[in-house]
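# Coordinate inspection notes
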Amino acid sequence: MAAEAQAAASRQVRLEASWLRELEEEFSQPYMRDLSAFLRRQKSSGKAVYPPGPDIFKALESTPLPRVRVVILGQDPYHGPGQAHGLCFSVPAGVPAPPSLLNIYRELESDLGCAAPRHGCLEHWAGQGVLLLNSVLTVEAHRAASHRGKGWERFTDRIVEALNEKREGLVFLLWGAYAQRKGEIIDRRKHLVLAAPHPSPLSAERGFFGCRHFSKTNDHLQSRGERPIDWQLPATVIAARSGKPQSPR
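Only a predicted model underlies this, so the values are computations on that prediction, with no experimental measurement involved. Sequence positions are assigned chain by chain, starting from 1 and proceeding in written order. Local features in this predicted model are restricted to residues whose pLDDT is 70 or higher, and side-chain atom pairs enter the listing and the counts only when it is 80 or higher, whereas totals over whole chains, interfaces and linings include all residues. With hydrogens and water set aside, each side-chain value is computed from the structure's full complement of heavy atoms.

### Some remarks on the pattern of salt bridges
Put simply, a salt bridge is a Lys or Arg side-chain nitrogen that is within 4 Å of an Asp or Glu carboxyl oxygen. The full count for this structure, using the stated rule, is 13 salt bridges. Between Glu123 and Lys58 there is a salt bridge; the shortest N-O distance is 2.6 Å. Of this pair, Glu123 sits in helix α6 (residues 123-126) while Lys58 sits in helix α4 (residues 58-62), placing them 65 residues apart in sequence. You can call Lys58 buried: its relative accessible area is 14%. Of the charged contacts in the structure, one is a salt bridge between Arg148 and Asp76, with a shortest N-O distance of 2.5 Å. Separated by 72 residues along the polypeptide, Arg148 in the loop between β4 (139-140) and α7 (152-166) and Asp76 in the loop between β2 (70-74) and α5 (99-112) bring together distant segments of the chain. Three exposure classes are used, based on accessible area relative to the maximum for each residue type with a 1.4 Å probe and protein chains only: buried under 20%, partly exposed in between, and exposed over 50%. Arg148 gets classed as partly exposed once you look at its relative accessible area, which sits at 32%. Elements are defined by DSSP. Helices are runs of H or I of four residues or more, strands are runs of E of two residues or more, and each kind is numbered from the N terminus.

Right under this line is the structure:
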């Protein structure tokens, strides 16, 4: 019966194939069933939940397990309308870049000379093997951290465990105490772990600025014979809904 329940759960989940093979057992666990029920209650009571359903697992869809080279750990999705689209720190085309992302751009310019784009979409990084993973994958509109403690942390811990165990030579960028606690399980003998304060305006001046994590990441990748990440974001991005290039506001 357990095997049947697992198979039924996996059939209901639309997830990139390599991640589904690694994570399918999670979807039949009691904590994940409880999380699913919680999300259904939220929506049935009329509460807006971000990101939209098809984007909840976008980080995994955008960066399959065998292609991950760098991991950036975030906390929760943005809770404003239209902001969250499943990639930590990223916003869709046409949505102004939030303050933490603007500070990331500032450090990128200082570190590698990358010009800040006029948008906040980080899909260009995800496509190169940068897993942009939040610890919690959903949030109620206008209520920051409202879905913490509901089960997502256990699910994303399993993702970090899989990366730690199945891969070698990854770079983990842990910005802020929350991400650093989540990254305590990472084997520093197998992977490069770079830690700094969070890029939030409340903490960026305490050591995020000047951390040079982007150039250090590329130095590590190149030392392993891998191509560096092209951190320079394109000037324009394709809007998912319209399919047309946009110059974000």
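### With respect to the environment of Asp34
Among the secondary structure elements, Asp34 is positioned in helix α3 (residues 30-44). Sequence spacing of Asp34 and Gly151 is 117 residues, and the spatial spacing of their C-alpha atoms is 7.8 Å.

### Focus: the side chain of Asn164
Mapped onto the elements, Asn164 comes out in helix α7. Taking the relative accessible area as the measure of exposure, Asn164 reaches 12% and is therefore buried.

### Some thoughts on helix α9 (residues 213-223)
Listing the buried residues of α9 in full gives His213, Phe214, Ser215, Thr217, Asn218, His220 and Leu221. Residues of α9 that are buried sit in contact with β2, α5, α6, β5 (171-175) and β6 (192-196). A positive backbone phi angle near 80 degrees is found at Gly225, which sits one or two residues after α9. Whether two residues are in contact is decided by their heavy atoms: any pair within 4.5 Å suffices.

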